[in-house]
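Chains, contacts and geometry: an overview
Residues per chain, in single letters:
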Amino acid sequence: MRTIAIVGASLAGLYSAHALRDQGYDGRLVIIGDEAHRPYDRPPLSKDFLTGAVDEGGLALADAEEEAELEAEWLLGVHARGLDAGGGAIRLDDGRTVPADGVVVATGASPRRLPGPALRGVHTLRTLDDARALHAELTGPRARVVIVGAGFIGSEVASSCVALGHHVTVVEAAPLPLLPQLGEDMATICAGLHADRGVELVTGTGVADLCGTDAVTGVLLAGGRLLPADVVVVGIGAVPNTRWLEGSPLALEGGVLCDDGCVTTLPQVVAVGDVARVGGSRAEHWTSAMEQPAVAVRNLLAGQTVETSRPSPYFWSDQYGVRIQFAGRREPGSAVRITEGSADDRSFLAVYEQEGVVTAALAMNRPLPFMRLRRELARSRQPAAAV
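The structure presented is a predicted model; accordingly, all values stated were derived computationally and were not measured.

**Details of the overall build of the chain**
If you tally the helices and strands in the chain, you get eight helices and 25 strands. Here the C-alpha radius of gyration of the chain, 22 Å, is about what a compact globule of 387 residues would show, namely 21 Å. By the burial criterion, 49% of the 387 residues in the chain qualify as buried. Within the chain, counting contacts between residues at least 6 apart in sequence, those at least 24 apart form 60% of the total. Total accessible area computed for the chain in this model is approximately 17,000 Å², and 49% of it derives from carbon and sulfur atoms. Looking at the chain, you have 34 positive and 47 negative side-chain charges, and the mean spots of the two groups are 2 Å apart.

This is the structure in structure tokens:
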């Protein structure tokens, strides 16, 4: 291949570029990014960046020397608008076309938004520019902050807002936060983290409307309750950025459909990260964006799927001074039990078991025993032995 284009200049795109060079590709490499920024780390945006503990310089994923070693052409601040029928050229919104023999799709996902007109004070959090805007509002006087969605982003933002001294209310449509991922028992413990810090968690209801004319003044819930608000943060999930691929030969269904090796319906096109639906599932996790590129690039250079990757799922979240870590797969009907520590102390290791074997693990502030069990889960395709 003479030219490979990576569409997406975030973590998955950067790791794809490194993987290409590490695996011996010495041809032309073009990296296209819709943001004007060089690759940066997203997880701190909802935590240390909001509180001011980390500045923008601390977000960089690579320094100038590391980027120079890639010998890549960077086209930043431009959007991809289409992929031609053969997958051999990418159309950009500035009128340019980038011909390519191989393409890595790493365009990520965009946050879901509430319907209605845009109001000042209403935020989503996905990009550095999003974080800059939210940080600017949170550095002012004590504000009434309403967070819609108690998933990872919403809960982390709530934690940061509390640390900054704001009054925080979290609204979650489900009966408990993180219920699908953790199950009722462990989700109940996570819900308690909000109460520990004086945050009101309103569950089982949605948002009917945002109130205000120019700026937001409140959040009207589906049950009729009005929550006064100076700042609203919407964290209700994300949708994969596939619109630019509509009309192309790629199969799109909740992401770019790929086999277990990240290869799409066109062998010269692979997809990685939040946009990729690999082997039937899409994982919006930092570790997926790190691990998928090496496999995807190997298959891209081979012109076919020669390696697959179905790593054990892993995610973490920092909330109110507590590190939550989860690995494995929680099967329907799994039993969960705490093997060490105490939920009351917010420091424990718990395992999910199916027919006597461990299929997943959850920890709060127990990083060392958790990582040991995570490695055991990852080493084998079979579940780890029960503890």
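**A look at the sheet that holds strand β14 (residues 218-221)**
Here we have three strands laid out as an open sheet, ordered β13-β14-β15, and antiparallel in their pairing. The open sheet has two edge strands, β13 (207-211) and β15 (226-228), and neither has a second partner. Averaged over all pairs of adjacent strands, the angle between strand axes in this sheet comes to 20°, irrespective of strand direction. Where β14 meets β15, three bridges bridge the pair, whose relative direction is antiparallel. Note that in β15 the partner of Val 219 across the bridge is Leu 227.

**Section: the packing of aromatic side chains**
As enumerated under the stated definition, the model contains six aromatic pairs in all. Here Tyr 314 and Phe 370 contribute two aromatic rings whose centre-to-centre distance is 5.9 Å and whose plane-to-plane angle is 35°, an arrangement assigned as tilted. Of this pair, Tyr 314 sits in strand β21 (residues 314-319) while Phe 370 sits in helix α8 (residues 367-379), and the two are 56 residues apart along the sequence. Like Tyr 314, the residue Phe 370 is buried in the burial classification. When the centroid spacing of 5.0 Å and the interplanar angle of 15° are considered together, the rings of Phe 315 and Phe 326 count as stacked. Of the two residues, Phe 315 sits in strand β21 while Phe 326 sits in strand β22 (residues 322-328), which places them eleven residues apart along the sequence. What makes Phe 315 buried here is its relative accessible area of 8%. Aromatic rings pair up to connect Phe 152, Phe 315, Phe 326 and Tyr 352 into one cluster. A cation over an aromatic ring shows up here: Arg 38 above the ring of Trp 74, its NZ or CZ 4.8 Å from the ring centre. Sitting over the ring of Tyr 314, Arg 374 keeps its end group 3.7 Å from the ring centre.

**Brief notes about unusual backbone geometry**
In this model, Tyr 320 sits at a positive phi of 55°, which is unusual for a non-glycine residue. Inspection of the secondary structure assignment puts Tyr 320 in the loop between β21 and β22. Residues other than glycine seldom take positive phi values, yet Arg 346 does so here, at roughly 55°. The topology assignment puts Arg 346 in the loop between β23 (335-342) and β24 (347-354).

**Structural notes on empty space enclosed by the protein**
Under the criterion given, the structure shown has one cavity of 30 Å³ or more. Of the voids in this model, the largest cavity is the one considered here, and its volume is about 30 Å³. Lining the largest cavity are Pro 115, Gly 116, Pro 117, Leu 119, Asp 209 and Leu 210. The class makeup of the residues in the lining of the largest cavity is four nonpolar, one polar and one charged.

**A few points about the sheet that holds strand β4 (residues 80-83)**
With respect to topology, three strands assemble into an open sheet ordered β4-β5-β6, the strand pairing being antiparallel. Each edge of the open sheet carries a strand with a single partner, namely β4 and β6 (97-99). Taking the axes of each pair of neighbouring strands and ignoring which way they run, one obtains an average angle of 25° across the sheet.

**Some remarks on the environment of Gln 181**
Tracing the backbone through its elements, the reader meets Gln 181 in helix α6 (residues 179-196). As a C-alpha pair, Gln 181 and Glu 331 span 150 residues in sequence and 10.0 Å in three-dimensional space. Apart from the residues lying within four places of it in its own chain, the contact partners of Gln 181 are Phe 315, Phe 326 and Arg 330.

**A short note on a negative patch on the surface**
Among the surface-exposed residues, Asp 63, Glu 65, Glu 66 and Glu 69 lie close enough to one another that they form a single negatively charged patch. On the accessibility criterion, Asp 63 (42% relative accessible area) is partly exposed.

**Topic: helix α1 (residues 11-22)**
Look at α1: 16 Å from first C-alpha to last across twelve residues, which is about the 16 Å you get at 1.5 Å a residue. Most of α1 is tucked away: nine of the twelve residues are buried. Along α1, the residues that are buried comprise Leu 11, Ala 12, Gly 13, Leu 14, Ser 16, Ala 17, Ala 19, Leu 20 and Arg 21. Those residues of α1 hidden inside the fold are in contact with β1 (3-7), β2 (28-33), α3 (64-70), β3 (73-76), β7 (102-105) and α7 (286-302).

The rules behind these values
Residues numbered from 1 in each chain as written. Predicted model: local features only at pLDDT ≥ 70, side-chain atom pairs only at ≥ 80, totals over all residues. Heavy atoms only, no water. Helix = DSSP H or I, 4+ residues; strand = E, 2+ residues; numbered from the N terminus. Rg over C-alpha atoms; globule rule 2.2 N^0.38 Å. Buried < 20%, exposed > 50% of the residue type's maximum accessible area, 1.4 Å probe, protein only. Contact = heavy atoms within 4.5 Å. Areas by Shrake-Rupley, 256 points an atom, 1.4 Å probe, with all protein chains shown as cover. Lys, Arg positive; Asp, Glu negative; His and termini not counted. Charge placed at Lys NZ, Arg CZ, Asp CG, Glu CD. Pairing = 2+ DSSP bridges. Axes fitted to C-alpha atoms, helices over the stretch in contact; angles between N-to-C directions. Phe/Tyr/Trp six-rings, centres within 6.5 Å; stacked < 30°, edge-to-face > 60°. Lys NZ or Arg CZ within 6 Å of the ring centre and 35° of its normal. 1 Å grid on protein atoms, 1.4 Å probe; cavity = no way out; pocket = protein on both sides within 12 Å on 5 of 7 lines; lining within 4 Å. Points joined across faces, edges and corners; volume = space filled by probe spheres on them. Nonpolar A, V, L, I, M, F, W, Y, C, P; charged D, E, K, R; others polar. Patch = residues over 30% accessible without salt bridge, like charges linked within 9 Å, V, L, I, M, F, W, Y side chains within 5 Å. Salt bridge = Lys/Arg side-chain N within 4 Å of Asp/Glu carboxyl O. Expected span 1.5 Å × (residues − 1).

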